[in-house]
Amino acid sequence: MTEKDRPWVMRTYAGHSTAEASNALYRTNLAKGQTGLSVAFDLPTQTGYDPDSPLSRGEVGKVGVPVPHLGEMRKLFTDIPLTEMNTSMTINATAMWLLAMYQVVAEEQNPDLSPDEVAHLLAGTTQNDIIKEYLSRGTYVFGPEQSLRLIGDMIAYTVHEIPKWNPINICSYHLQEAGATPVQELAYALCTAIAVLDQVKSSGQVSEDDFEKVVGRISFFVNAGVRFIEETCKMRAFVQLWDEITRERYGVTDEKMRRFRYGVQVNSLGLTEAQPENNVQRIVLEMLGVTLSKDARARAVQLPAWNEALGLPRPWDQQWSLRFQQVLAFESDLLEYDDIFDGSHVIEAKVAELVEGAKAEIDRVQAMGGAVAAVESGYMKQNLVSAHAARRARIESGEEIIVGVNKFETTEPSPLTADLDTAIQTADPEAERAALASLEAWKAQRDEAEVADALKALAEAAKTDANLMHPTLAAARAGATTGEWAGALREVFGEFRAPTGVSGAVGAVSEVGSAGAELSAVRERVRATGEELGGRLRVLVGKPGLDGHSNGAEQVAVRARDAGFEVIYQGIRLTPEQIVAAAVAEDVHLVGLSILSGSHMELVPDVLDGLAAAGLDDLPVIVGGIIPSSDAKALVERGVAAVYTPKDFGLTEIMDGFVDVIRKANGLD
């Protein structure tokens with residue numbers, strides 16, 4: 001019998017509510033055959049805030065697990081031997097801090113070994129790609145230059161001290177979610193890798209002999225969409241391009257060190273709220289795109305659950321996705337053959353086309369100074385917003401078919417969603433209170449002087465070119481918190497607001513045909529209503545809280561602009577108070593709030609109360625996001641004029657709804 005290849009590492013992206021609840025979930029998933037951990041952290045942890053920060057309100061434990069200090073990291077991995085695990089941590093701006101706490105917990109689990117011996121046993125990955133945070137996901141803290149310094153320090157440290165660790169995951173995943181075409185996904189991810197490697201090289205912390213090891217520990221995290229032939233070709237193009245870049249630009253001679261190593265989460269963007277049972281076959285098709293080609297097969301795979309467009313998946317939903325992988329790996333004959341695409345003219349031609357397009361775009365970015373310059377100028381962000389607008393327009397026109405959404409919409413009632421309130425897991429309402437209590441108790445038992453000294457040493461080191469991993473480990477051992485670590489560096493590095501890409505983005509709705517006619521009709525309503533109210537209609541698009549997924553808000557802003565509204569969009573991570581202040585200052589006719597993190601029931605009422613206090617209780621507010629129907633009903637009862645969820649994909653139709661809301665609020669109908 002043919003000897004099978006080893007299967008990829010099978011993960012489930014998980015973490016919620018509290019460290020204790022997440023720990024129980026991890027141990028259950030490992031018992032079900034999962035072979036690696038993939039930790040989801042909540043937004044305060046990702047953006048460097050403690051649970052008691054005003055910005056953390058409503059966000060604690062929502063999209064992942066809160067880890068504000070070492071005590072919570074201990075709870076997260078109770079009875080999970082870290083020296084035997086392969087752990088992926090989705091963490092970027094605060095990656096250095098979370099890796100330090102992970103390492104300290106591993107040391108505590110192995111008191112008979114020296115810290116150096118423990119470090120050499122640890123295996124896993126920190127995501128740590130900050131460039132894509134400016135472009136798509138929004139959990140950056142510091143500016144590009146300071147962020148690259150932190151990444152470079154981590155890479156230099158891990159190459160010497162934690163040699164089995166992947167210190168960075170270059171993430172094209174989030175670029176695709178932000179609208180990237182396959183060519184853009186290839187080009188921008190590889191430009192990010194070039195920026196990171198150039199940073200490490202120029203820092204002088206790694207010798208020429210060790211630089212090959214740095215290249216060998218660079219991993220990637222990609223997205224696989226439902227066009228699985230194209231996705232297969234994209235992955236083969238990645239392999240080819242990475243081999244060429246590492247050989248020609250960096251002179252890496254060891255073929256193993258040039259290997260394109262990647263993990264994958266298949267495309268959550270393509271999951272639909274309408275007929276969500278169709279998401280099952282979407283997930284399977286997307287998995288095939290990164291597993292069928294042996295020469296471009298993922299090293300680790302994690303799959304979303306069928307109901308993620310509805311809310312937080314339950315353990316059973318995650319188990320179902322794990323079983324998809326296990327059936328493919330252990331029941332099918334996939335792992336018994338060499339690459340089944342070798343010699344295919346179709347595949348070879350498509351790969352060559354993608355390689356050619358990606359090389360041209362890489363050259364454009366490098367000519368303007370590389371990835372950092374392309375972020376700061378807004379070039380890459382603007383291209384992604386425009387590409388996403390084009391895709392939305394294709395869906396609205398019916399050119400791109402989404403089964404159950406814009407075609408084949410007739411459906412039988414689904415037993416999976418007969419009771420929507422039990423078809424998803426509800427975030428623990430006590431998570432925030434528990435995190436606050438944990439933080440208070442932690443601070444009460446630590447040595448404050450030791451913490452203060454450690455944070456001062458960290459800040460002083462940040463003013464030099466010293467490697468910051470060492471003072472970060474000292475701060476973790478002293479008992480500093482996530483917010484304190486980030487706060488010390490904020491004092492030195494300052495903060496950063498990335499370009500939104502909206503002002504220069506190209507709207508993609510055709511001016512002809514039915515789509516053009518619909519937009520023209522809405523544009524006329526916007527103009528006429530503005531005349532009735534004595535000026536141009538103004539809309540404020542706001543993103544309260546720490547949710548950085550801005551793709552939807554950006555598309556709403558672009559389409560509103562194309563429909564004739566004056567649009568005020570200030571980007572991500574605003575407090576309710578800032579949104580209220582902007583509504584007052586800009587004298588807007590409508591406030592639109594976009595929230596995807598699940599914090600709508602806390603943050604939307606805060607905005608409504610703020611508007612009322614400012615004398616604007618008659619200003620209409622609409623809300624968009626992943627909002628369960630029971631929550632949507634409660635928001636309307638609270639005073640929200642309309643709620644939009646992923647099933648409302650027609651942006652021009654939504655713009656028409658904006659006019660309806662404004663007219664009703666002003667007594668025009």
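Here we summarise the structure given alongside this text. (Residues numbered from 1 in each chain as written. Predicted model: local features only at pLDDT ≥ 70, side-chain atom pairs only at ≥ 80, totals over all residues. Heavy atoms only, no water.)

### Here we look at the sheet that holds strand E7 (residues 168-171)
Move 1: Strand order in this open sheet of five strands is E1-E10-E9-E8-E7, and the pairing throughout is parallel. Strand pairing shows two members of the sheet lacking a second neighbour, strand E1 (9-11) and E7, which therefore form its edges. Each strand of the sheet is rotated relative to its neighbour by a mean of 25°, with strand direction disregarded.
Move 2: For E1 and strand E10 (residues 300-302), the ladder comprises three bridges, and the chain directions are parallel. Looking at E10, one finds that Met10 is bridged to Val301.
Move 3: Across the face of the sheet, helix H13 (residues 315-331) comes into contact with E1 and E10 while running at roughly 160° to E1. (Pairing = 2+ DSSP bridges. Helix = DSSP H or I, 4+ residues; strand = E, 2+ residues; numbered from the N terminus. Axes fitted to C-alpha atoms, helices over the stretch in contact; angles between N-to-C directions. Contact = heavy atoms within 4.5 Å.)

### Some words on a nonpolar patch on the surface
Move 1: A grouping of Ile401, Val403 and Phe408 is seen on the molecular surface, where their side chains present a nonpolar patch of about 290 Å² in accessible area.
Move 2: Within the element layout of this structure, Val403 appears in the loop between helix H16 (379-397) and helix H17 (431-445).
Move 3: In this structure Val403 comes out as partly exposed when scored by relative accessible area, which is 38%. (Patch = residues over 30% accessible without salt bridge, like charges linked within 9 Å, V, L, I, M, F, W, Y side chains within 5 Å. Areas by Shrake-Rupley, 256 points an atom, 1.4 Å probe, with all protein chains shown as cover. Salt bridge = Lys/Arg side-chain N within 4 Å of Asp/Glu carboxyl O. Buried < 20%, exposed > 50% of the residue type's maximum accessible area, 1.4 Å probe, protein only.)

### Quick word on the packing of aromatic side chains
Move 1: Evaluated as defined, the whole model comprises 17 aromatic pairs.
Move 2: Ring centres of Trp316 and Trp320 lie 5.2 Å apart, and the angle between their planes is 45°; this geometry places the pair in the tilted category. Here Trp316 and its partner Trp320 are both found in helix H13, four residues apart, which amounts to about one turn of the helix.
Move 3: On the accessibility criterion, Trp316 (44% relative accessible area) is partly exposed.
Move 4: Trp320 gets classed as partly exposed once you look at its relative accessible area, which sits at 26%.
Move 5: Ring-pair connections join several aromatic residues into one group, and the members of that group are Phe220, Phe238, Trp242, Phe260 and Tyr262.
Move 6: Above the face of the Phe408 ring, Lys407 is positioned so that its terminal group lies 5.3 Å from the ring centre.
Move 7: The side chain of Arg573 reaches across the aromatic face of Tyr140, ending 5.0 Å from its centre. (Phe/Tyr/Trp six-rings, centres within 6.5 Å; stacked < 30°, edge-to-face > 60°. Lys NZ or Arg CZ within 6 Å of the ring centre and 35° of its normal.)

### Quick notes on the packing of helix H7 (residues 144-161) against helix H10 (residues 208-217)
Move 1: Across the interface, H7 lies against H10 with an axial gap of 10 Å and an inter-helix angle of 100°. Accordingly, the angle class assigned to the pair H7 and H10 is roughly perpendicular. Across the interface between the two elements, Ile155, Val159 and His160 from H7 touch Asp210, Lys213 and Val214 from H10.
Move 2: Split by residue class, the contact of H7 with H10 holds three nonpolar, one polar and two charged. (Parallel < 35°, antiparallel > 145°, perpendicular 65-115°, else oblique. Nonpolar A, V, L, I, M, F, W, Y, C, P; charged D, E, K, R; others polar.)

### Examining the pattern of salt bridges
Move 1: Scanning all chains against the criterion turns up 46 salt bridges.
Move 2: Its salt-bridge partner being Lys75, residue Glu20 comes within 3.6 Å of it at the nearest N-O pair. Of this pair, Glu20 sits in helix H1 (residues 19-31) while Lys75 sits in helix H3 (residues 70-76), placing them 55 residues apart in sequence.
Move 3: When its relative accessible area of 30% is taken as the criterion, Lys75 is described as partly exposed.
Move 4: Note that Lys350 is salt-bridged to Glu230, the shortest N-O span being 3.6 Å. Residue Lys350 is located in helix H14 (residues 345-367), and its partner Glu230 is located in helix H11 (residues 228-248); the two are separated by 120 residues in the primary sequence.
Move 5: Within this structure, Asp5, Lys294, Arg297 and Asp338 form a network of salt bridges that share partners.

### A short note on a positive patch on the surface
Move 1: On the surface, a cluster of positive charge is made up of Arg6, Lys256, Arg259 and Arg299.
Move 2: Residue position: Arg299 is located in the loop between helix H12 (279-289) and E10. (Lys, Arg positive; Asp, Glu negative; His and termini not counted. Charge placed at Lys NZ, Arg CZ, Asp CG, Glu CD.)

### Thoughts on the nonpolar core
One recurring pattern in soluble globular proteins is that nonpolar side chains are buried together.
Move 1: With 173 residues, the main nonpolar core has Leu76, Phe220, Phe565 and Phe658 as its most contacted residues.
Move 2: The element best represented in this core is helix H9 (residues 182-203), accounting for 12 residues.
Move 3: Among residues more than four places away in sequence, those in contact with Phe658 are Val539, Val556, Phe565, Leu590, Ile622 and Tyr644.
Move 4: Counting residues in hydrophobic clusters, the runner-up holds 24 residues, among them Ala583, Val591, Ile595 and Ala632. (Core = buried A, V, L, I, M, F, W, Y, C linked by side-chain atoms within 4.5 Å.)

### Structural notes on the environment of Ala31
Move 1: Tracing the sequence through the fold places Ala31 in helix H1.
Move 2: On a C-alpha basis, the gap between Ala31 and Phe41 in space is 22 Å, while along the polypeptide they are 10 residues apart.

### Some words on the pairing of strand E3 (residues 37-40)
Move 1: Neither face of E3 is left uncovered, since the one carrying Leu37 and Val39 and the one carrying Ser38 and Ala40 both have all their residues buried.
Move 2: Direction of pairing for strand E2 (residues 13-14) relative to E3: parallel, over a ladder of two bridges. If you follow Tyr13 over to E3, its bridge partner there is Ser38.
Move 3: Considered for its hand, the β-α-β crossover made up of E2, H1 and E3 is right-handed.
Move 4: Taken together, the four bridges between E3 and strand E4 (residues 86-90) define a ladder with parallel strand orientation. The residue of E4 that forms the bridge with Leu37 is Thr87. (Right-handed = clockwise from strand over helix to strand, strands pointing away.)

### Brief notes about the side chain of His600
Move 1: Within the fold, His600 resides in helix H24 (residues 600-613).
Move 2: Using a relative accessible area of 2% as the deciding quantity, one classes His600 as buried.
Move 3: Those residues within four positions of His600 in sequence are excluded, and the remaining contacts are Ile595, Pro605, Ile626, Ile627, Pro628, Asp631 and Leu635.

### Notes on the sheet that holds E4
Paired through their backbone hydrogen bonds, the strands of a sheet run either parallel or antiparallel.
Move 1: Across the sheet, five strands lie side by side as E2-E3-E4-E5-E6; this open sheet has parallel pairing. In this open sheet, the two strands that pair with only one neighbour each are E2 and strand E6 (165-166).
Move 2: Sheet strands in contact with H1 are E2 and E3, and its direction is about 155° off that of E3.

### Remarks on unusual backbone geometry
Move 1: Of note, Phe408 is a non-glycine position whose phi angle comes to about 55°, a positive value.
Move 2: Relative to the helices and strands, Phe408 resides in the loop between H16 and H17.
Move 3: The phi angle at Asp587 is positive, at roughly 50°, despite the residue not being glycine.
Move 4: For Asp587, the location among the structural elements is in the loop between helix H23 (576-586) and strand E13 (590-595).
Move 5: For Asp587, a relative accessible area of 52% corresponds to the exposed category.

### Examining H1
Move 1: Relative to the 18 Å expected for 13 residues at 1.5 Å per residue, H1 spans 18 Å between its end C-alpha atoms, a close match to the ideal helical length.
Move 2: Of the surrounding secondary structure, the elements contacted by the buried residues of H1 are E2, E3, H3 and H13. (Expected span 1.5 Å × (residues − 1).)

### Let's talk about the side chain of His69
Move 1: Its place among the elements puts His69 in the loop between helix H2 (43-47) and H3.
Move 2: Taking the relative accessible area as the measure of exposure, His69 reaches 2% and is therefore buried.
Move 3: Looking at His69, its side chain comes within polar contact range of the side chain of Ser438, at 2.9 Å.
Move 4: Those residues in contact with His69 that lie beyond four places of it in its chain are Met101, Ser438, Leu439, Trp442, Ala480, Thr481 and Thr482. (Polar contact = N/O pair within 3.5 Å; in protein donor to acceptor, adjacent residues only side chain to side chain.)

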